[in-house]
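A structural walkthrough
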Amino acid sequence: MSRPPLTLDLPWVEKYRPKQLRDTVGNEETILRLEQIAKDGNMPHLIISGLPGIGKTTSIHCLAHELLGDSYSQGVLELNASDDRGIDVVRNQIKQFAQKKCHLEPGKHKIIILDEADSMTAGAQQALRRTMELYSNTTRFAFACNQSNKIIEPLQSRCAILRYSKLTDEQVLKRLLDIIRAEDVQYTNDGLEALIFTAEGDMRQAVNNLQSTVAGHGLVNGENVFKIVDSPHPLVVKKMLLAPTLDESIALLKNELWDKGYSSVDIVTTCFRVTKTLYQLKEAKRLEMIKEIGITHMRILEGVGTYLQLACLLAKIHQIK
């Protein structure tokens, strides 16, 4: 039976973006608080912080949809990090939207969503303080950011802060399987493991990698996923770390990784992620190995990304073992 042709009109990350709060994956307690806010209809100023790709912006949009309903298009202003958000934008665009008269239901507020708020300049954040206070009767602010400590204290004290944690592998897997069923994708179990390994709790990354693998190769298996993501295969790295002799480890590093063009940063970060799960070694040895990998990672980030650094790391790991 032939597979129906894939419709690639919309990226899957948009096509399967949750439309309601209850469809959002993970962070159940925080989502419950947002559902309660939607039910009460009185939204405070919000700061939602957490890692990229775990549903911060999506849940703010879902909340805005549930609060405003059909008035969403006229009652919401969204500014992203890609937009200019200096002092002038705060004084003009944001202030004008806050002053604008909207025909909303009684008790409803306009919502200004500032995505990637931690990349706003300190001056723009200072200029927001007064605007938030002056127009709080009609307008509420929602900030989405990766690090809440990059937002100045006066703004933090005016907002309820919600922290999103990284999604678990099970949550990412469940969502991927839903999309695979809906799109009738052919896959293997090691393909799913590879998607979860490369995503590291980032749902957006997992869905994008899934779509890229389907578009590029059709079958979602481990080998195809690592080709698309272009990162070293963890089984090769594991074999290299656990090789009985240093010569074998060096040979694997040279032939399977370095000569194939993988960057030293990719190799050392994959070494770290693989070492975390090497449960056949005692915990003390794993911690020593992670320490050495960390030192090498630091040197590589400082610009010394040579083959010698990686060979030195393998020599130290063999000493530890």
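Every chain is numbered on its own, with residues counted from 1 as its sequence reads. Predicted model: local features are reported for residues with pLDDT of at least 70 only, side-chain atom pairs are reported and counted for 80 or more only, and whole-chain, interface and lining totals are derived from all residues. Note that the side-chain values use all heavy atoms of the structure and ignore hydrogens as well as water.

Note the threshold: UniProt positions are given in the numbering used here, feature names are shortened, and annotations may be inferred rather than shown by experiment.
Identification of the chain as Replication factor C subunit 4 from Zygosaccharomyces mellis is taken from an unreviewed UniProt entry. UniProt annotates the chain under Subcellular location (unreviewed entry) with the comment "Nucleus". Per its UniProt entry, the chain bears the Sequence similarities (unreviewed entry) comment "Belongs to the activator 1 small subunits family."

1. Description of unusual backbone geometry
Our working rule: Counting from the N terminus, the helices are the DSSP runs of H or I reaching at least four residues and the strands are the DSSP runs of E reaching at least two. For every residue, the accessible area (1.4 Å probe, protein chains only) is compared with the maximum for its type, and the residue is labelled buried under 20%, exposed over 50%, or partly exposed between those bounds.
Non-glycine residue Asp184 carries a positive phi angle of around 55°. Considering the arrangement of structural elements, one finds Asp184 in the loop between helix H8 (169-183) and strand S6 (186-187). Overall, the relative accessible area of 38% leaves Asp184 in the partly exposed class. With phi around 50°, Glu200 is a residue other than glycine that occupies positive phi space.

2. Observations regarding the layout of surface pockets
Worth spelling out the cut-off: We place a 1 Å grid over just the protein atoms. Points where a 1.4 Å probe fits but has no way out form a cavity, open points with protein on both sides within 12 Å along at least 5 of 7 lines form a pocket, and any residue with an atom within 4 Å of a point lines it. Grid points are joined across faces, edges and corners, and a volume is the space filled by probe spheres set on the points. Three categories are distinguished: nonpolar for Ala, Val, Leu, Ile, Met, Phe, Trp, Tyr, Cys and Pro, charged for Asp, Glu, Lys and Arg, and polar for the others, with Gly belonging to the last. What marks off one domain from the next here is an automatic or database domain assignment.
A volume near 650 Å³ is recorded for the largest pocket. The dominant element in the lining of the largest pocket, judged by the number of residues it contributes, is helix H9 (residues 189-199), at 5 residues. The residue makeup of the lining of the largest pocket, split by class, is 9 nonpolar, 5 polar and 8 charged. When residues of the lining of the largest pocket are assigned to domains, at least three map to each of domain 2 (169-229) and domain 3 (234-319). Taken as a whole, the second largest pocket encloses approximately 460 Å³ of empty space. Taken together, 26 residues make up the lining of the second largest pocket; nearest its centre are Arg17, Gly53, Gly55, Thr58 and Arg204.

3. Observations regarding the sheet that holds strand S5 (residues 160-163)
Heads up, the condition is: Paired strands, in this sense, are two strands between which DSSP finds at least two bridges. For helices, the fitted line uses only the C-alpha atoms of the stretch in contact; every axis is such a line through C-alpha atoms, and the angle between N-to-C directions lies from 0 to 180 degrees. Should any heavy atoms of two residues lie within 4.5 Å, those residues are considered in contact.
Strands sit in the order S2-S3-S4-S1-S5 across an open sheet of 5 strands; the sheet is parallel. A strand with exactly one partner marks an edge of an open sheet, and here the two such strands are strand S2 (76-79) and S5. Looking at each pair of strands side by side, their axes are set apart by 15° on average, direction ignored. Relative to S5, strand S1 (residues 46-49) runs parallel, the two being bridged by 4 bridges. Counted as the bridge partner of Ile47 is Ile161 from S5. Relative to the sheet, helix H3 (residues 56-68) contacts S1, S2, strand S3 (110-114) and strand S4 (139-145), its axis offset from that of S4 by approximately 160°.

4. A word on the side chain of Thr296
Formally: We call two N or O atoms a polar contact when they sit within 3.5 Å, provided that within protein one can donate a hydrogen and the other can accept it, with sequence-adjacent residues counted only if both atoms are side-chain atoms.
Relative to the helices and strands, Thr296 is located in helix H15 (residues 283-301). Given a relative accessible area of 4%, Thr296 falls into the buried group. Looking at Thr296, its side chain comes within polar contact range of the main-chain oxygen of Glu292, at 3.0 Å. If sequence neighbours within four positions are ignored, Thr296 has contacts with Val268, Gln309 and Leu313.

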